[in-house]
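Coordinate analysis (summary)
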Amino acid sequence: MKITIDSDLCQGRSRCYNLYTNLFHAGPDSKGVVTITGELDDEDQIVDAGSAANACPLGAIKLDYG
Ligand code: SF4
């Protein structure tokens, strides 16, 4: 599974990179940036990715299950 952020939807509300520092960081415009861009194979990371997607108020975090 891979995580992407739709930067057109993201409004830099900071929730993802404040809550899930293992998966996201802030970009120069305060928008969320995915830190791990490859396939996630760690169960904890996959759970966190789902929680982050649910936590984003703009629905900008997309999970690609391939
Ligand atoms: S939680 Fe959503 S809106 Fe906020 S920075 Fe992350 S992707 Fe952007």
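Here goes a summary of the coordinates provided. Predicted, not measured: the structure shown is a model, and the values here were computed from it.

1. Points about the overall build of the chain
A tally of helices and strands in the chain yields two helices and four strands. Mapped in sequence order, the helices and strands of the chain form the string β-α-β-β-α-β. Here the chain has a C-alpha radius of gyration of 11 Å; the compact-globule value for 66 residues is 11 Å, and the two agree. Principal-axis analysis of the C-alpha atoms gives the chain an extent of 30 × 20 × 20 Å.

2. A few points about a negative patch on the surface
On the surface, Glu-39, Asp-41, Asp-42, Glu-43, Asp-44 and Asp-64 cluster together into a patch of negative charge. Inspection of the secondary structure puts Asp-42 in the loop between strand E3 (32-34) and helix H2 (43-55).

3. A look at H2
If you check H2, its first and last C-alpha atoms are 18 Å apart, about what 13 residues at 1.5 Å a residue would give, namely 18 Å. Summarising the contacts, the buried residues of H2 are in contact with strand E1 (2-5), helix H1 (15-19), strand E2 (24-26) and strand E4 (61-64). With a side-chain oxygen positioned 3.0 Å from the backbone nitrogen of Asp-44, the residue opening H2 is Asp-42.

4. Things to note about the site of the ligand
For the ligand, the set of nearby residues contains 13 residues, the closest of which are Cys-10, Arg-13, Ser-14, Cys-16 and Cys-56. Looking at the shell around the ligand, the element that brings in the most residues is H1, giving three residues. A class-by-class count of the residues in the shell around the ligand yields seven nonpolar, four polar and two charged.

Conventions used here
Residues numbered from 1 in each chain as written. Predicted model: local features only at pLDDT ≥ 70, side-chain atom pairs only at ≥ 80, totals over all residues. Heavy atoms only, no water. Helix = DSSP H or I, 4+ residues; strand = E, 2+ residues; numbered from the N terminus. Rg over C-alpha atoms; globule rule 2.2 N^0.38 Å. Patch = residues over 30% accessible without salt bridge, like charges linked within 9 Å, V, L, I, M, F, W, Y side chains within 5 Å. Areas by Shrake-Rupley, 256 points an atom, 1.4 Å probe, with all protein chains shown as cover. Salt bridge = Lys/Arg side-chain N within 4 Å of Asp/Glu carboxyl O. Lys, Arg positive; Asp, Glu negative; His and termini not counted. Charge placed at Lys NZ, Arg CZ, Asp CG, Glu CD. Expected span 1.5 Å × (residues − 1). Contact = heavy atoms within 4.5 Å. Polar contact = N/O pair within 3.5 Å; in protein donor to acceptor, adjacent residues only side chain to side chain. Near = heavy atom within 4 Å. Nonpolar A, V, L, I, M, F, W, Y, C, P; charged D, E, K, R; others polar.

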